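These are the residues of each chain, in order.
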Number of protein chains: 2
Amino acid sequence: MAKPGGLRIAAQALEAYAGALLQAGGFAPSHAAETAEMLVWANLRGIESHGVLRIPRYVEMVGLGLINPQAVVRQVAGRGAVCVLDADRAPGAVAMNAAGAKALGLARDHGVGWCVVRRMTHAGAVGIYAERIATAGLVAMVMTASKPLMIYHGARNEGVSTNPLAIAVPTADPAGPMIFDMSTAAVAAGKITAAKDAGRPIPLGWAVDAEGRETTDPAAVKAVLPMAGPKGTGLSLMIEVLASVLVGNPLLTVALRDGSEPGGNGIVVALDPSAFGAADAFPAGVSDLAAAIKALEPAAGGVVRLPGERGDGERRRRLVEGIPLAAGTAARLAALAVSLGVEVPDELT
Amino acid sequence: MAKPGGLRIAAQALEAYAGALLQAGGFAPSHAAETAEMLVWANLRGIESHGVLRIPRYVEMVGLGLINPQAVVRQVAGRGAVCVLDADRAPGAVAMNAAGAKALGLARDHGVGWCVVRRMTHAGAVGIYAERIATAGLVAMVMTASKPLMIYHGARNEGVSTNPLAIAVPTADPAGPMIFDMSTAAVAAGKITAAKDAGRPIPLGWAVDAEGRETTDPAAVKAVLPMAGPKGTGLSLMIEVLASVLVGNPLLTVALRDGSEPGGNGIVVALDPSAFGAADAFPAGVSDLAAAIKALEPAAGGVVRLPGERGDGERRRRLVEGIPLAAGTAARLAALAVSLGVEVPDELT
């Protein structure tokens, strides 16, 4: 049933489909809509691994009681510019959006807003939460914490999460904040999967096998290595302290002791440029810096890119041309749709 | 004149000597004392590259008008939990200490304090500014920005600083915060110097030569590479935005355009655990996490270390045994001492 050029669907149609699937899978309507928006945001930017392919697992997690699809996020602590929310195992997008809205409001009042949300589930592509704040003209910093996913430098097994960290700032282009989005891992898990699917070896330094030895065989990978060795795991450990230990919901300590699934925590920080004395000049200043970087002479064979540049380009392209979906992803979504009584869009059949 | 076992001096004596040299070199007494404390802090932790060997250059910078050794740090902007200081080219330690004190005070009032200090000079080993806040029971995050020092990923030449980032948190041991301290570079410049001195090659991935090619010859190194490629330079770029562009003192934009020496900026953020609802349990929670990490099985040939663990051990040892100084460092300090009319401690002759 493969169409010439593969399957392709408009972002809006994919978001409606994703929302319908999630809602049929038990998500409250607003929870389904917020989650669908985050997933399609990732697909638009070319981050397929965090896109709609997650939906079957999210619905499964509802069935397993891991996600509370009707959860109400509540504030449980805070003072001044700080707030702590409890997500009661809400979908990650719902929890992070609540934290973002809180941080933004606090930043307007106090110059900075620092909001931690605890007991949430998979946050997905965290760049979206940072982007939204930057689009409102503020600076955003977003971090999340989860169970051990990555080798701790010097250890044989996983000891820390791959903690995403996103920073977004407004630029002179109102529609285009600059979004830096990284994890603390040496490589995205998706690149290992891609190498495996393509039968290509992976470089040393990416991952280890079951014996804890670095491997070039993507099929033998047991766990991913940190970026820059002790820097990657040290940064991860400190994010765990800030996102988890500080709000009384330690994830790693619990998971390392008894292997239980600890859920997730997140941090959203917002800064209001007007508190820093240079508000009017700030977006133009960011664009000036971007221009100075883009003017650097490339290395032989190198390309000088700004943070988020590749994703921005992909997004612009996919908003026009539609989002390509792998046949396998479309098939898995269609199977779920049939089982839940949701109509499959024509574009994906 | 080399003594058996090399030169060694007690921290207190070295700090007094450093302070006397700086004061004779033009530093106001309190500026000299704050700078000497920071330098010896680095020597105690084994970070010789940021220790007292910097003094001749600092004194030279006074003569060149780069450091204002009598500068008064003043608040120029701020609102709520945010403050912006102007350092008028003060010594880095003076500027960062002022920012730290401000951030700590704001955090007590607002839960978080976010202080940026602009127009300072070399900040030195930034871990000390984070440590001081953590010793007071708060969480600290410290970043600094400076001129281009590192290859921008994909570019032939330096485009961003190596921006130090330190995060410190209290533990159950009141005297021992956990201090994470990294730069965004693939390697510390001191390791390249050490390889050069020892006639050893360096690994690919550390640095490039004048042609912009990765090199294994430490003598051919023109510039250091970022940690983890685009992650290192992306993080650096965002720190420049937060520390420099946001307060109207862009360093990279100016330096990349006209090659001028732009000075430095710094950020100190403090978080008061009592605003996060888990204050009493927090230091013990950090220690529990540390214990869980230390209990990880080491990889073959690996060692599991906590952030700052190596420096903590060095500090404990050197507080007892004294600080070893390279003969060349001692000789350069002695030459400066003679020229300034400062007495050289017996231990260093």
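Residues numbered from 1 in each chain as written. Chains lettered and ligands numbered in written order. Predicted model: local features only at pLDDT ≥ 70, side-chain atom pairs only at ≥ 80, totals over all residues. Heavy atoms only, no water.

**Digging into the interface of chain B and chain A**
Phase 1: Every contact between the two is made by 80 residues of chain B and, on the other side, 79 residues of chain A.
Phase 2: Summed over both partners, the interface of chain B with chain A comes to about 6,200 Å²; 75% of that surface belongs to carbon and sulfur atoms.
Phase 3: It is B:R79, B:L246 and B:F276 in chain B that bury the most area against chain A; as a group they hold 12% of the surface buried on that side.
Phase 4: At the boundary of chain B with chain A, the tally comes to four salt bridges. (Contact = heavy atoms within 4.5 Å. Buried area = accessible area lost by both parts, 1.4 Å probe. Salt bridge = Lys/Arg side-chain N within 4 Å of Asp/Glu carboxyl O.)

**Quick word on unusual backbone geometry**
Phase 1: Not every positive phi belongs to a glycine, and A:R89 is a case in point at roughly 60 degrees.
Phase 2: Looking at the element boundaries, A:R89 is found in strand β3 (residues 82-90). (Helix = DSSP H or I, 4+ residues; strand = E, 2+ residues; numbered from the N terminus.)

**Describing helix α7 (residues 230-243) of chain A**
Phase 1: Across its 14 residues, α7(A) extends 20 Å between first and last C-alpha, which sits within 8% of the 20 Å expected from 1.5 Å per residue.
Phase 2: For α7(A), a buried count of 13 out of 14 residues is recorded, marking the element as mostly surrounded by other parts of the structure. (Expected span 1.5 Å × (residues − 1). Buried < 20%, exposed > 50% of the residue type's maximum accessible area, 1.4 Å probe, protein only.)

**With respect to the packing of helix α2 (residues 29-44) of chain A against helix α5 (residues 127-135) of chain A**
Residue and element names in this part refer to chain A.
Phase 1: Closest axis-to-axis distance for the α2/α5 pair is 10 Å, and the angle between their directions is 95 degrees. Considering the angle they form, α2 stands roughly perpendicular to α5. Contact residues: α2 offers E37, M38 and W41, while α5 offers G127, I128, Y129, E131 and R132.
Phase 2: Of the residues in the contact of α2 with α5, the class split is four nonpolar, one polar and three charged. (Axes fitted to C-alpha atoms, helices over the stretch in contact; angles between N-to-C directions. Parallel < 35°, antiparallel > 145°, perpendicular 65-115°, else oblique. Nonpolar A, V, L, I, M, F, W, Y, C, P; charged D, E, K, R; others polar.)

**Notes on the environment of A:M96**
Residue and element names in this part refer to chain A.
Phase 1: Structurally, M96 is set in helix α4 (residues 92-110).
Phase 2: Assessed through its relative accessible area of 1%, M96 is described here as buried.
Phase 3: For the pair M96 and V245, spaced 149 residues apart in sequence, the C-alpha separation works out to 18 Å.
Phase 4: Setting aside its immediate chain neighbours within four residues, M96 contacts V117, M120, A123, Y129, V142, M143, T144, G266, I267 and V268.

**Overview of the pairing of strand β8 (residues 165-169) of chain B**
Residues and elements named next belong to chain B.
Phase 1: In terms of burial, β8 is a largely internal element, five of the five residues being buried.
Phase 2: What you see with β8 is no split at all: L165, I167 and V169 on one side and A166 and A168 on the other are buried throughout.
Phase 3: Bridge analysis of strand β5 (residues 139-145) against β8 gives four bridges, and the strand direction is antiparallel. Each bridged residue has a counterpart across the sheet, and for A140 the counterpart in β8 is A168.
Phase 4: Here five bridges tie β8 to strand β9 (residues 178-182), and the two strands are oriented antiparallel to one another. Looking at β9, one finds that L165 is bridged to M182. (Pairing = 2+ DSSP bridges.)

**Description of the sheet that holds strand β4 (residues 112-120) of chain B**
All names here are of chain B.
Phase 1: Pairing in this open sheet of seven strands is mixed, and the strands run β2-β3-β4-β12-β5-β8-β9 from one edge to the other. The sheet terminates laterally at β2 (74-79) and β9, the two strands that pair on one side only. The average undirected angle you get between the axes of adjacent strands in this sheet is 15 degrees.

**Here we look at the domain arrangement of chain A**
All names here are of chain A.
Phase 1: Partitioning chain A into domains gives domain 1 (1-70 + 307-349) and domain 2 (72-185 + 226-295).
Phase 2: Taking only C-alpha atoms into account, the centre of domain 1 sits 24 Å from that of domain 2.
Phase 3: Domain 1 puts 21 residues into the contact, and the matching count from domain 2 is 24 residues.
Phase 4: Overall, the association of domain 1 and domain 2 removes approximately 1,900 Å² of surface from exposure, summing both partners, and the carbon and sulfur fraction of that is 58%.
Phase 5: Applying the counting criterion to the domain 1 and domain 2 interface returns two salt bridges.
Phase 6: With its nearest N and O atoms 2.9 Å apart, the salt bridge here joins E309 to K294.
Phase 7: Of all the secondary structure elements, the ones that give two or more residues to the side of domain 1 that touches domain 2 are α2 and α10 (309-321).
Phase 8: When residues in the side of domain 1 that touches domain 2 are grouped by element, the largest group, seven residues, is from α2.
Phase 9: In the side of domain 1 that touches domain 2, the residues fall into eight nonpolar, seven polar and six charged. (Domains from an automatic or database assignment.)

**Here's the deal with the relation of the copies chain B and chain A**
Two chain copies, one operation linking them: a rotation about an axis together with a shift along it.
Phase 1: When chain B is fitted to chain A, the best match, at an RMSD of 0.0 Å, comes from turning it 180 degrees and sliding it 0.0 Å along the axis. The transformation relating the two chain copies, once decomposed into turn and shift, fits a two-fold axis. Of the C-alpha atoms belonging to chain B, the one lying closest to the rotation axis is found on B:A228, 2.9 Å away.
Phase 2: Interface overlap between copies is the fraction of interface residues in one copy that are interface residues in the other; for chain B against chain A it reaches 99%, indicating a shared surface. (Least-squares fit on C-alpha atoms with pLDDT ≥ 70 in both.)

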